[in-house]
Every structure is written in C-alpha cells, then in structure tokens.
Amino acid sequence: GNLAIMIAQSLPTPHESLDPVVSQLKRILVTGGAGFLGSHLCERLVNDRHDVICLDNFFTSQKKNVEHLLGCSNFELMRHDVTRPLWLEVDEIYNLACPASPGHYQYNPIKTMKTSVMGAINLLGMAKRCNAKILQASTSEVYGDPEIHPQTEDYRGNVNPIGPRACYDEGKRAAETLFMDYNRMNRVNIRMIRIFNTYGPRMHPFDGRVVSNFIRQALDGRDITIFGDGSQTRSFCYRDDLIEGMIRLMNAPDDLVTPVNIGNPGEYTIKELAEKVIELVGSKSKLTYHPLPADDPTRRKPDISLAKSRLGWEPTVPLEDGLKKTIDWFRTIDIEQYRPPTPNY
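Residues numbered from 1 in each chain as written. Predicted model: local features only at pLDDT ≥ 70, side-chain atom pairs only at ≥ 80, totals over all residues. Heavy atoms only, no water.

Draft legend 1. Geometry of the sheet that holds strand β4 (residues 92–95). Reading across the sheet, the 7 strands line up as β3-β2-β1-β4-β5-β6-β11 and stay open at both edges, with parallel pairing between neighbours. The two strands at the open ends of the sheet, each matched to only one other strand, are β3 (75–79) and β11 (260–262). For this sheet the average axis-to-axis angle between neighbouring strands, irrespective of direction, equals 20°. Here 4 bridges tie β4 to strand β5 (residues 133–139), and the two strands are oriented parallel to one another. Its bridge partner lying in β5, N95 is registered against Q136. Each of β1 (27–31), β2 (51–56), β3, β4 and β6 (190–195) touches helix α3 (residues 36–47); the most contacted strand, β1, lies at about 170° to it. Against the sheet, helix α8 (residues 239–250) engages β4, β5, β6 and β11, with an angle of about 160° to β6. (Pairing = 2+ DSSP bridges. Helix = DSSP H or I, 4+ residues; strand = E, 2+ residues; numbered from the N terminus. Axes fitted to C-alpha atoms, helices over the stretch in contact; angles between N-to-C directions. Contact = heavy atoms within 4.5 Å.)

Draft legend 2. Highlighting the pairing of β2. Across the 6 residues that make up β2, a large majority, 5, are buried. One ladder, built from 5 bridges, connects β1 with β2; its direction is parallel. When the bridges of β2 are listed, V30 appears paired with C54. Remark: the β1/α3/β2 crossover connection has right-handed handedness. As paired elements, β2 and β3 share 5 bridges and run parallel to each other. Within β3, the position partnered with C54 by the bridge is L77. (Buried < 20%, exposed > 50% of the residue type's maximum accessible area, 1.4 Å probe, protein only. Right-handed = clockwise from strand over helix to strand, strands pointing away.)

Draft legend 3. Main features of the nonpolar core. Among the nonpolar cores identified, the biggest contains 61 residues, and L41, Y94, M246 and L311 are the most heavily contacted of them. Other than its neighbours up to four places away in sequence, L311 contacts G245, R248, L249, A252, L256, V260, I262 and L306. Judged by nonpolar contacts, the second largest core, of 26 residues, contains L55, L178, F179 and V188. (Core = buried A, V, L, I, M, F, W, Y, C linked by side-chain atoms within 4.5 Å.)

Draft legend 4. Region of the structure containing the side chain of H104. Mapped onto the elements, H104 comes out in helix α4 (residues 102–105). What H104 contacts, discounting residues up to four positions off in sequence, is F59, T60, P99, F206, D207, P341 and T342.

Draft legend 5. Quick look at the pattern of salt bridges. All told, the structure shown has 24 salt bridges when counted by the stated rule. Between R194 and E176 there is a salt bridge; the shortest N-O distance is 2.7 Å. Placement of R194 in strand β6 and of E176 in helix α6 (residues 166–186) is noted, with a sequence separation of 18 residues between them. Per residue, the accessibility class of R194 equals that of E176, and both read buried. (Salt bridge = Lys/Arg side-chain N within 4 Å of Asp/Glu carboxyl O.)

Draft legend 6. Quick look at helix α7 (residues 210–219). With 8 of 10 residues buried, α7 is to be regarded as a mostly interior element. When α7 is considered as a whole, its buried residues turn out to be V211, S212, N213, F214, I215, R216, Q217 and A218. Where α7 is buried, its residues contact β7 (198–199), β8 (224–227), α9 (270–281) and α11 (319–332). In the segment just after α7, G221 is the residue with positive phi, at about 70°.

Draft legend 7. Up close: the side chain of N95. By secondary structure assignment, the location of N95 is in strand β4. Sequence-distant contacts of N95, that is, excluding residues within four places in its chain, are made with T31, L123, L135, Q136 and A137.

Draft legend 8. Inspection of the packing of α7 against α9 at higher detail. Running from N to C, α7 and α9 point in directions that differ by 40°, and their axes come no closer than 9 Å. In terms of orientation, α7 lies oblique with respect to α9. Note on packing geometry: the crossing formed by α7 with α9 is right-handed. Here α7 contributes V210, V211, F214, I215, A218 and L219 to the contact with α9, which in turn contributes I270, L273, A274, V277 and V281. Here the contact of α7 with α9 is composed, by residue class, of 11 nonpolar, no polar and no charged. (Parallel < 35°, antiparallel > 145°, perpendicular 65-115°, else oblique. Left-handed = near helix turned anticlockwise from the far one by under 90°. Nonpolar A, V, L, I, M, F, W, Y, C, P; charged D, E, K, R; others polar.)

Draft legend 9. Structural context of the packing of α3 against α8. Interhelical geometry of α3 versus α8 gives an angle of 60° and a closest axis separation of 10 Å. Two packed elements cross with a definite hand, and for α3 against α8 that hand is right-handed. Contacts between α3 and α8 involve F36, L37, H40, L41, R44 and L45 on the former and, on the latter, R239, L242, I243, E244, M246 and I247. Its residues assigned to classes, the contact of α3 with α8 shows 8 nonpolar, 1 polar and 3 charged.

Draft legend 10. Layout of the state of the cysteines. Under the criterion given, the structure shown has 0 disulfides. Here C72 stays free of any disulfide, with the sulfur of C42 as its closest cysteine sulfur at 11 Å. Taking relative accessible area as the criterion, C72 reaches 26% and is therefore assigned partly exposed. (Disulfide = S-S within 2.5 Å.)

What follows is the structure, encoded as structure tokens:
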C-alpha cells in the first residue's frame, strides 16, 4: 500500500507540466541509417536525445558508420530491408533507404526500383497507422538531364524512362507520387527533400562518385579518371549543411508538402573539381579522359529560393573547406576494410 502511495505522490498532478524538453523527445526511425548521410542524421538525432531506430540492410552501408552510437541507450540498430513490411511505433520517419550512386543502383535495377516504390508504400503505411510525420529523401535526379538551369522545384524534368539510370530516377519519381497521394487521400504528414550532390566524411570510398573517386586516385598518386571532356557541371553540398536542411524541413510547418531542393548552388566543372582535389592532396596525378556514360546529366545546379524563404536555410561550408575535411577523413581510413558493394563501382 505504501509503495502505491509513494508512486502516486511522485507522478505529476494533472495541472503540473512535464519537463518541456522531455515531452518533445521523439521516437524516430531512420531507414538507410547506417549509410553516409543516414549515419550523420542518426548522430544528430541521438545527440538531441531523441529515441532513434536505425534501420539498414547493409547493401552499400557500413556498420562501422554507426559503431560509435551502439553504446547509446537511445540508439537501436535493426537489420531489415524496407521492401519487406515492418511494424514499429514511431513519431517521425526519415526514409533514406536506397543505393544512390550509379554503379550501385544499376547493379540490381529491379531491386533499386523495389526499394524506392515498395519501401515508400511500407513506410507511408506505417506513418498512416502511427500518425507519424514522414520525410522522403528524393533526389535531383528527378530532373533528369535538365532543359532549364538552374532547376526549380516546379520543373517537371527530362528523364529517359527506359535508360540505364531510370531504375533510380523513375523509382524516386514514383516515390514522390506515392507521398503526394498518401497526403491527399489519407492526410499523411509528408516532407520531400530533393538532394543534390553531397559529399563529406563517411562517403563510401567505392561509391563511384566523382569526389570519392578523385580523392582515392589522388591519394594513391594514380591518374584521375574524367568521363567526357570534364566540362559538365555539378554542385557539391557538404554533408553537415545537407543534414541541417533535412532536419529543418522535418520541423517546418505542416503545409510544406511540396518537394524542396537542398543543395549548394555553387557550380563547378568536373575538371575544376579534379584540379582542386589534386592541389589539396598535393598529388602528382594527371587527368585522363574517357567516354561519357549514357544519360549523364550535363548540368546540375539547384535553385534554393524555396529552402531560403521557407526554412531559412542555405549552405555555409565552402567547397575547399569541405574537401579538406573529406580528404583528412580518407587519410584516416583503412581502405582494405571497405568492400566495393558491387563489381561495377
């Protein structure tokens, strides 16, 4: 009897408010949470004291990316594939599950499409059931090889639906369709971020992207491989800036259901990037030129007016600073511990 009285006395009375910090802590699911961006997002959310479930099938990600979080009481790691149904009780979902570099997503194009489409259906179903907020990591690839420059969110894109990149581009486009329809039909609280090229520590060394390729080649003193003549442009956003934009979008007012570009509007040619990496590494690498792959976009640059006006967000890390941090990280890793996820990296 005394114990029951003590417990009753320790509970807040109805008019007492709980600690406001504690009451705002959320249960958050991050799919693809052991990947390059997912692991940083998990780290941010764990540091903010939220209860984080990191879900990953470890196709292109490393357990090593979240190893330092495994001892945290508010972090849980689940090996699961989003194409299979799952039942969890959560307040927010960040859907980052999908291989995101051409060598990886072209390795099993059917599986890539399934990850985008069935993953979206499974997670939207969970969001509907739990009444959770859900954010889709979409991509600038929905714009295809753009005919307008820079790309604004209302541009509908120029995508080849039967090309070798379509499994990713069209999969992500279909996921955006599903998100909008779940919002219209079931009032699911959605967010969509269109991510432009992002780089930084914990990129997979064998993801086949220009930043990781160039850094690896320069550190090894090998020639740097450029596809095409190197005049095609990309915009490079440092990962901390990107994660900040993603969290701001999740916390934005609920009326912001349309996609939002998050990327760095600074535009560089691939040749300029290669020369910058050689200079920062202090390497003697030379540039070599190879044929351009099919459907490779010639220009990429986000219009971030919407992110600026609605999220108060813009990137803050200059390319040179971000590249230095990324190169420093590449110098610390043992490349032997990283397995190329596919033969065509």
